Amino acid sequence: MLVLGIESSCDETGVALYDTELGLLAHQLHTQIAMHSEYGGVVPELASRDHIRRVLPLTTACLTEAQRQLSDIDAIAYTAGPGLAGALLVGASVANAMAFALNKPTIAVHHLEGHLLSPCLADPAPQFPFVALLVSGGHTQLMAVHGVGHYELLGETVDDAAGEAFDKSAKLLGLGYPGGPALSKLADTGDATRFTLPRPMLHSGSLDMSFSGLKTAVLNLVTQQSKEAPLDDATRADICAAFQEAIVEVLVKKSLAALKQTGMQRLVIAGGVGANRQLRAALNDAAKKRKLEVFYPPMALCTDNGAMIAYAGAQRLKFQQSAGSFAIQPRWDLASLERT
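Source: prediction; values computed, not measured.

Engineer: What is the right way to look at empty space enclosed by the protein in this model?
Structural biologist: One water molecule sets the probe size; rolling that probe over the atoms shows where empty space is left. Summed over all chains, the structure comprises 1 cavity of 30 Å³ or more. The space that makes up the largest cavity amounts to roughly 50 Å³. Taken together, Leu-256, Leu-259, Leu-267, Leu-283, Ala-286, Ala-287, Leu-292, Glu-293 and Val-294 make up the full set of residues lining the largest cavity. Sorting the residues of the lining of the largest cavity by element identifies α8 (233-262), α9 (277-290) and β10 (293-295) as the ones contributing at least two each. Of all the elements, α9 adds the most residues to the lining of the largest cavity, at 3 residues. In the lining of the largest cavity, the residues fall into 8 nonpolar, no polar and 1 charged.

Now the structure itself:
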(Lines give C-alpha, C1' and ligand atoms only; values in the text may rest on other atoms or scores of the structure.)
Protein backbone atom coordinates (compact mmCIF):
# COMPACT_ATOMS: atom_id res chain seq x y z
CA MET A 1 0.00 0.00 0.00
CA LEU A 2 1.18 3.49 -0.87
CA VAL A 3 0.16 6.14 1.66
CA LEU A 4 0.40 9.89 1.18
CA GLY A 5 0.95 11.76 4.45
CA ILE A 6 0.14 15.45 5.02
CA GLU A 7 1.29 17.37 8.11
CA SER A 8 0.06 20.94 8.72
CA SER A 9 -0.51 21.24 12.46
CA CYS A 10 1.58 24.35 13.11
CA ASP A 11 4.39 26.10 11.24
CA GLU A 12 5.75 23.38 8.98
CA THR A 13 4.14 21.88 5.90
CA GLY A 14 5.21 18.27 5.40
CA VAL A 15 4.24 15.80 2.68
CA ALA A 16 5.57 12.25 2.28
CA LEU A 17 4.97 8.96 0.50
CA TYR A 18 5.32 5.74 2.47
CA ASP A 19 5.10 2.26 0.94
CA THR A 20 4.30 -0.57 3.36
CA GLU A 21 6.69 -2.87 1.48
CA LEU A 22 9.44 -0.49 0.31
CA GLY A 23 9.44 1.99 3.18
CA LEU A 24 9.73 5.78 2.93
CA LEU A 25 9.91 6.75 -0.75
CA ALA A 26 9.96 10.54 -0.52
CA HIS A 27 9.34 13.42 1.84
CA GLN A 28 9.24 17.17 1.36
CA LEU A 29 9.17 19.85 4.05
CA HIS A 30 8.69 23.61 4.12
CA THR A 31 9.34 25.50 7.33
CA GLN A 32 7.79 28.88 8.10
CA ILE A 33 10.56 29.95 10.49
CA ALA A 34 11.70 32.88 8.35
CA MET A 35 8.16 34.25 8.11
CA HIS A 36 7.29 33.93 11.81
CA SER A 37 10.67 35.15 13.05
CA GLU A 38 9.63 38.71 12.18
CA TYR A 39 6.89 38.43 14.83
CA GLY A 40 8.82 36.51 17.47
CA GLY A 41 6.47 33.52 17.31
CA VAL A 42 3.89 31.69 15.24
CA VAL A 43 1.04 33.79 13.83
CA PRO A 44 -1.81 31.27 13.27
CA GLU A 45 -3.50 33.09 10.36
CA LEU A 46 -0.23 33.46 8.46
CA ALA A 47 0.60 29.82 9.15
CA SER A 48 -2.71 28.66 7.66
CA ARG A 49 -2.31 30.77 4.53
CA ASP A 50 1.20 29.51 3.96
CA HIS A 51 0.06 25.88 4.26
CA ILE A 52 -2.44 26.57 1.48
CA ARG A 53 0.36 27.83 -0.77
CA ARG A 54 2.73 24.96 -0.04
CA VAL A 55 0.83 21.69 0.29
CA LEU A 56 0.04 20.97 -3.38
CA PRO A 57 3.50 21.91 -4.77
CA LEU A 58 5.08 19.73 -2.07
CA THR A 59 2.76 16.86 -3.03
CA THR A 60 3.83 17.19 -6.66
CA ALA A 61 7.49 17.26 -5.62
CA CYS A 62 7.00 14.09 -3.55
CA LEU A 63 5.39 12.23 -6.44
CA THR A 64 8.20 13.31 -8.73
CA GLU A 65 10.88 12.27 -6.24
CA ALA A 66 9.27 8.86 -5.76
CA GLN A 67 8.51 8.45 -9.47
CA ARG A 68 4.86 7.77 -8.72
CA GLN A 69 1.55 9.05 -10.08
CA LEU A 70 -1.35 10.43 -8.07
CA SER A 71 -3.39 7.42 -9.15
CA ASP A 72 -0.85 5.10 -7.46
CA ILE A 73 -1.84 6.33 -3.99
CA ASP A 74 -3.89 3.83 -1.96
CA ALA A 75 -4.78 6.09 0.99
CA ILE A 76 -4.19 9.59 2.32
CA ALA A 77 -3.25 10.27 5.94
CA TYR A 78 -3.44 13.74 7.45
CA THR A 79 -2.84 15.33 10.83
CA ALA A 80 -6.24 15.84 12.47
CA GLY A 81 -4.88 17.23 15.75
CA PRO A 82 -3.73 18.49 18.09
CA GLY A 83 -2.58 21.78 16.61
CA LEU A 84 -3.74 25.14 15.29
CA ALA A 85 -7.33 24.83 14.07
CA GLY A 86 -6.86 26.80 10.86
CA ALA A 87 -3.64 25.01 9.97
CA LEU A 88 -5.20 21.61 10.62
CA LEU A 89 -8.15 22.49 8.39
CA VAL A 90 -5.83 23.06 5.44
CA GLY A 91 -4.37 19.56 5.60
CA ALA A 92 -7.74 17.97 6.31
CA SER A 93 -9.39 19.81 3.40
CA VAL A 94 -6.71 18.90 0.88
CA ALA A 95 -6.54 15.28 2.03
CA ASN A 96 -10.29 14.72 1.92
CA ALA A 97 -10.77 16.53 -1.38
CA MET A 98 -7.98 14.51 -2.97
CA ALA A 99 -9.30 11.27 -1.50
CA PHE A 100 -12.81 12.01 -2.77
CA ALA A 101 -11.48 12.66 -6.28
CA LEU A 102 -9.42 9.46 -6.25
CA ASN A 103 -12.06 7.39 -4.41
CA LYS A 104 -9.49 6.45 -1.77
CA PRO A 105 -9.76 6.26 2.04
CA THR A 106 -8.40 8.87 4.43
CA ILE A 107 -6.82 8.26 7.82
CA ALA A 108 -7.04 10.97 10.49
CA VAL A 109 -3.75 10.80 12.38
CA HIS A 110 -2.93 12.09 15.86
CA HIS A 111 0.08 14.40 15.56
CA LEU A 112 1.74 12.97 18.67
CA GLU A 113 1.19 9.41 17.51
CA GLY A 114 3.13 10.38 14.40
CA HIS A 115 6.03 11.56 16.57
CA LEU A 116 5.71 8.52 18.83
CA LEU A 117 6.08 6.10 15.92
CA SER A 118 8.66 8.11 13.95
CA PRO A 119 11.66 6.17 15.40
CA CYS A 120 10.22 3.14 13.57
CA LEU A 121 11.42 4.85 10.38
CA ALA A 122 15.02 4.54 11.59
CA ASP A 123 17.34 1.59 11.04
CA PRO A 124 17.35 -0.29 13.34
CA ALA A 125 13.76 0.27 14.42
CA PRO A 126 12.46 -0.49 17.93
CA GLN A 127 10.22 -3.44 18.61
CA PHE A 128 7.15 -3.24 20.84
CA PRO A 129 6.82 -2.81 23.77
CA PHE A 130 8.88 0.21 24.77
CA VAL A 131 8.84 3.34 26.90
CA ALA A 132 8.62 6.54 24.88
CA LEU A 133 9.82 9.97 25.95
CA LEU A 134 7.74 12.33 23.84
CA VAL A 135 9.22 15.84 23.84
CA SER A 136 7.46 17.77 21.10
CA GLY A 137 6.47 21.44 21.18
CA GLY A 138 3.95 21.90 23.97
CA HIS A 139 4.09 18.25 25.09
CA THR A 140 6.44 16.34 27.37
CA GLN A 141 5.16 12.88 28.23
CA LEU A 142 6.39 9.44 29.17
CA MET A 143 4.31 6.68 27.59
CA ALA A 144 4.32 2.90 27.80
CA VAL A 145 3.81 1.80 24.19
CA HIS A 146 2.48 -1.74 23.85
CA GLY A 147 1.54 -1.49 20.18
CA VAL A 148 0.03 0.84 17.61
CA GLY A 149 -2.83 2.64 19.34
CA HIS A 150 -2.13 1.05 22.74
CA TYR A 151 -0.54 3.83 24.80
CA GLU A 152 -0.41 4.18 28.56
CA LEU A 153 0.45 7.57 30.05
CA LEU A 154 3.09 7.16 32.76
CA GLY A 155 3.93 10.77 33.49
CA GLU A 156 3.87 14.23 31.97
CA THR A 157 4.72 17.83 32.65
CA VAL A 158 2.33 19.54 35.04
CA ASP A 159 3.00 22.98 33.51
CA ASP A 160 5.42 24.08 30.78
CA ALA A 161 6.72 21.40 28.44
CA ALA A 162 10.47 21.07 27.93
CA GLY A 163 10.23 22.64 24.47
CA GLU A 164 8.25 25.58 25.85
CA ALA A 165 10.83 26.09 28.59
CA PHE A 166 13.59 26.12 25.95
CA ASP A 167 11.76 28.72 23.83
CA LYS A 168 10.71 30.96 26.74
CA SER A 169 14.17 30.90 28.32
CA ALA A 170 15.73 31.69 24.97
CA LYS A 171 13.45 34.71 24.68
CA LEU A 172 14.53 35.89 28.15
CA LEU A 173 18.12 35.69 26.92
CA GLY A 174 17.34 37.68 23.77
CA LEU A 175 17.99 34.78 21.41
CA GLY A 176 14.99 35.37 19.14
CA TYR A 177 12.82 32.81 17.34
CA PRO A 178 12.95 29.85 17.20
CA GLY A 179 14.53 29.91 20.63
CA GLY A 180 15.14 26.25 21.43
CA PRO A 181 17.73 25.46 18.74
CA ALA A 182 19.46 28.80 19.33
CA LEU A 183 19.72 28.12 23.07
CA SER A 184 21.11 24.62 22.49
CA LYS A 185 23.72 25.91 20.06
CA LEU A 186 24.89 28.59 22.47
CA ALA A 187 24.91 26.09 25.35
CA ASP A 188 27.58 24.08 23.53
CA THR A 189 30.03 26.96 24.08
CA GLY A 190 29.09 27.63 27.73
CA ASP A 191 30.26 26.45 31.16
CA ALA A 192 27.41 24.54 32.82
CA THR A 193 29.13 24.67 36.23
CA ARG A 194 29.18 28.46 36.59
CA PHE A 195 25.51 28.69 37.58
CA THR A 196 23.28 26.24 39.43
CA LEU A 197 19.65 25.93 38.34
CA PRO A 198 16.91 23.81 39.96
CA ARG A 199 15.80 20.35 38.81
CA PRO A 200 12.03 20.56 39.47
CA MET A 201 10.31 17.37 40.68
CA LEU A 202 13.49 15.34 40.21
CA HIS A 203 12.90 13.50 43.50
CA SER A 204 9.09 13.68 43.54
CA GLY A 205 8.67 9.91 43.47
CA SER A 206 6.40 10.17 40.42
CA LEU A 207 7.10 10.28 36.70
CA ASP A 208 5.55 13.73 36.33
CA MET A 209 7.74 16.72 35.48
CA SER A 210 7.69 20.50 35.82
CA PHE A 211 9.68 23.10 33.90
CA SER A 212 7.91 26.37 34.66
CA GLY A 213 10.01 26.92 37.78
CA LEU A 214 13.19 26.36 35.82
CA LYS A 215 12.15 29.07 33.37
CA THR A 216 11.47 31.41 36.32
CA ALA A 217 14.91 30.61 37.74
CA VAL A 218 16.43 31.66 34.41
CA LEU A 219 14.47 34.92 34.58
CA ASN A 220 15.78 35.61 38.09
CA LEU A 221 19.33 34.78 37.06
CA VAL A 222 19.17 37.03 33.99
CA THR A 223 17.78 39.87 36.13
CA GLN A 224 20.52 39.42 38.72
CA GLN A 225 23.34 39.25 36.18
CA SER A 226 22.01 42.29 34.29
CA LYS A 227 21.88 44.67 37.25
CA GLU A 228 25.17 46.41 36.54
CA ALA A 229 25.63 45.79 32.82
CA PRO A 230 23.98 43.98 29.91
CA LEU A 231 24.70 40.27 29.66
CA ASP A 232 27.92 39.51 27.81
CA ASP A 233 28.16 36.60 25.39
CA ALA A 234 30.04 34.37 27.84
CA THR A 235 27.46 34.83 30.61
CA ARG A 236 24.60 34.20 28.22
CA ALA A 237 26.30 30.99 27.01
CA ASP A 238 26.92 29.81 30.60
CA ILE A 239 23.25 30.33 31.51
CA CYS A 240 22.22 28.36 28.42
CA ALA A 241 24.57 25.53 29.37
CA ALA A 242 23.26 25.39 32.95
CA PHE A 243 19.65 25.45 31.74
CA GLN A 244 20.19 22.69 29.19
CA GLU A 245 22.00 20.50 31.72
CA ALA A 246 19.09 20.86 34.17
CA ILE A 247 16.50 19.86 31.56
CA VAL A 248 18.57 16.94 30.33
CA GLU A 249 19.13 15.59 33.85
CA VAL A 250 15.40 15.62 34.59
CA LEU A 251 14.46 13.96 31.29
CA VAL A 252 17.12 11.26 31.63
CA LYS A 253 16.33 10.36 35.25
CA LYS A 254 12.57 10.31 34.66
CA SER A 255 13.06 8.11 31.59
CA LEU A 256 15.21 5.65 33.51
CA ALA A 257 12.65 5.59 36.31
CA ALA A 258 9.91 4.81 33.77
CA LEU A 259 11.92 1.89 32.41
CA LYS A 260 12.44 0.55 35.93
CA GLN A 261 8.76 0.95 36.80
CA THR A 262 7.56 -0.88 33.68
CA GLY A 263 10.34 -3.45 33.55
CA MET A 264 10.92 -2.60 29.88
CA GLN A 265 14.38 -2.54 28.29
CA ARG A 266 13.76 -0.26 25.31
CA LEU A 267 13.49 3.53 25.33
CA VAL A 268 12.31 5.59 22.37
CA ILE A 269 12.85 9.36 22.10
CA ALA A 270 10.49 11.30 19.83
CA GLY A 271 9.81 14.94 19.03
CA GLY A 272 11.84 18.04 18.33
CA VAL A 273 13.81 18.08 21.60
CA GLY A 274 14.93 14.56 20.69
CA ALA A 275 17.38 16.19 18.29
CA ASN A 276 19.25 17.78 21.22
CA ARG A 277 22.81 16.44 21.13
CA GLN A 278 23.39 16.64 24.89
CA LEU A 279 20.18 14.73 25.59
CA ARG A 280 21.15 12.02 23.12
CA ALA A 281 24.65 11.74 24.57
CA ALA A 282 23.34 11.49 28.15
CA LEU A 283 20.74 8.87 27.23
CA ASN A 284 23.24 6.84 25.20
CA ASP A 285 25.66 6.86 28.13
CA ALA A 286 22.96 5.83 30.61
CA ALA A 287 21.71 3.08 28.28
CA LYS A 288 25.21 1.69 27.81
CA LYS A 289 25.84 1.54 31.55
CA ARG A 290 22.54 -0.24 32.21
CA LYS A 291 22.55 -2.41 29.07
CA LEU A 292 19.37 -0.80 27.75
CA GLU A 293 18.38 -0.01 24.18
CA VAL A 294 17.59 3.55 23.10
CA PHE A 295 16.15 4.60 19.74
CA TYR A 296 15.69 7.95 18.00
CA PRO A 297 14.02 9.14 14.81
CA PRO A 298 16.36 10.12 11.96
CA MET A 299 17.54 13.69 12.65
CA ALA A 300 15.58 15.01 9.66
CA LEU A 301 12.37 13.55 11.12
CA CYS A 302 12.61 14.92 14.68
CA THR A 303 10.62 18.06 13.89
CA ASP A 304 7.12 18.03 12.36
CA ASN A 305 7.10 16.18 9.03
CA GLY A 306 4.87 14.31 6.63
CA ALA A 307 6.84 11.06 6.86
CA MET A 308 5.69 10.34 10.40
CA ILE A 309 2.06 11.00 9.40
CA ALA A 310 2.31 8.73 6.36
CA TYR A 311 3.89 5.98 8.47
CA ALA A 312 1.35 6.24 11.29
CA GLY A 313 -1.47 6.26 8.74
CA ALA A 314 -0.06 3.16 7.05
CA GLN A 315 0.12 1.30 10.38
CA ARG A 316 -3.49 2.13 11.18
CA LEU A 317 -4.65 1.24 7.67
CA LYS A 318 -3.33 -2.29 8.20
CA PHE A 319 -5.90 -2.82 10.93
CA GLN A 320 -8.84 -0.62 10.02
CA GLN A 321 -10.66 -0.63 6.72
CA SER A 322 -13.02 2.25 7.43
CA ALA A 323 -11.98 5.69 6.28
CA GLY A 324 -11.48 8.66 8.54
CA SER A 325 -14.01 11.47 8.48
CA PHE A 326 -13.46 15.14 7.67
CA ALA A 327 -12.76 16.28 11.21
CA ILE A 328 -10.04 17.99 13.20
CA GLN A 329 -9.35 18.04 16.93
CA PRO A 330 -7.16 20.98 17.97
CA ARG A 331 -7.13 19.40 21.46
CA TRP A 332 -6.76 15.64 21.46
CA ASP A 333 -5.50 13.35 24.22
CA LEU A 334 -3.08 10.76 22.88
CA ALA A 335 -4.04 8.21 25.53
CA SER A 336 -7.63 8.33 24.24
CA LEU A 337 -6.74 6.68 20.93
CA GLU A 338 -8.31 3.31 20.29
CA ARG A 339 -6.13 0.24 20.20
CA THR A 340 -5.84 -1.27 16.74
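Engineer: Would you take a moment to explain the sheet that holds strand β5 (residues 106-110) for this structure?
Structural biologist: Adjacent strands of a sheet form backbone hydrogen bonds with each other and so pair up, either parallel or antiparallel. Within the open sheet, the 5 strands sit side by side as β3-β2-β1-β4-β5. Their pairing is mixed. Every interior strand has two partners, whereas the edge strands, β3 (23-31) and β5, have only one. Strand-to-strand twist across the sheet, computed as the mean angle between neighbouring axes with direction ignored, equals 20°. Of the pairings in the sheet, the one linking strand β4 (residues 75-81) to β5 comprises 5 bridges and is parallel in character. Bridge pairing links Ala-77 to Ile-107 in β5. Packing of helix α3 (residues 85-102) onto the sheet brings it into contact with β1 (2-7), β4 and β5, and relative to β4 it is tilted by some 160°.

Engineer: Help me out: how do you make sense of unusual backbone geometry in this one?
Structural biologist: Peptide bonds are mostly trans, and most non-glycine residues show a negative phi. The omega torsion of the bond from Phe-128 to Pro-129 falls at 0°, within 30 degrees of zero and hence cis. Among the secondary structure elements, Pro-129 is positioned in the loop between α4 (111-117) and β6 (130-136). Cis geometry is adopted by the peptide bond preceding Pro-178, which originates at Tyr-177 and carries an omega value of -5°. You can see Pro-178 is positioned in the loop between α5 (162-172) and α6 (179-187). At Gln-67, a residue that is not glycine, the phi angle is positive and equals roughly 55°. Inspection of the secondary structure puts Gln-67 in the loop between α2 (44-66) and β4.

Analysis parameters
Residues numbered from 1 in each chain as written. Predicted model: local features only at pLDDT ≥ 70, side-chain atom pairs only at ≥ 80, totals over all residues. Heavy atoms only, no water. 1 Å grid on protein atoms, 1.4 Å probe; cavity = no way out; pocket = protein on both sides within 12 Å on 5 of 7 lines; lining within 4 Å. Points joined across faces, edges and corners; volume = space filled by probe spheres on them. Helix = DSSP H or I, 4+ residues; strand = E, 2+ residues; numbered from the N terminus. Nonpolar A, V, L, I, M, F, W, Y, C, P; charged D, E, K, R; others polar. Pairing = 2+ DSSP bridges. Axes fitted to C-alpha atoms, helices over the stretch in contact; angles between N-to-C directions. Contact = heavy atoms within 4.5 Å.

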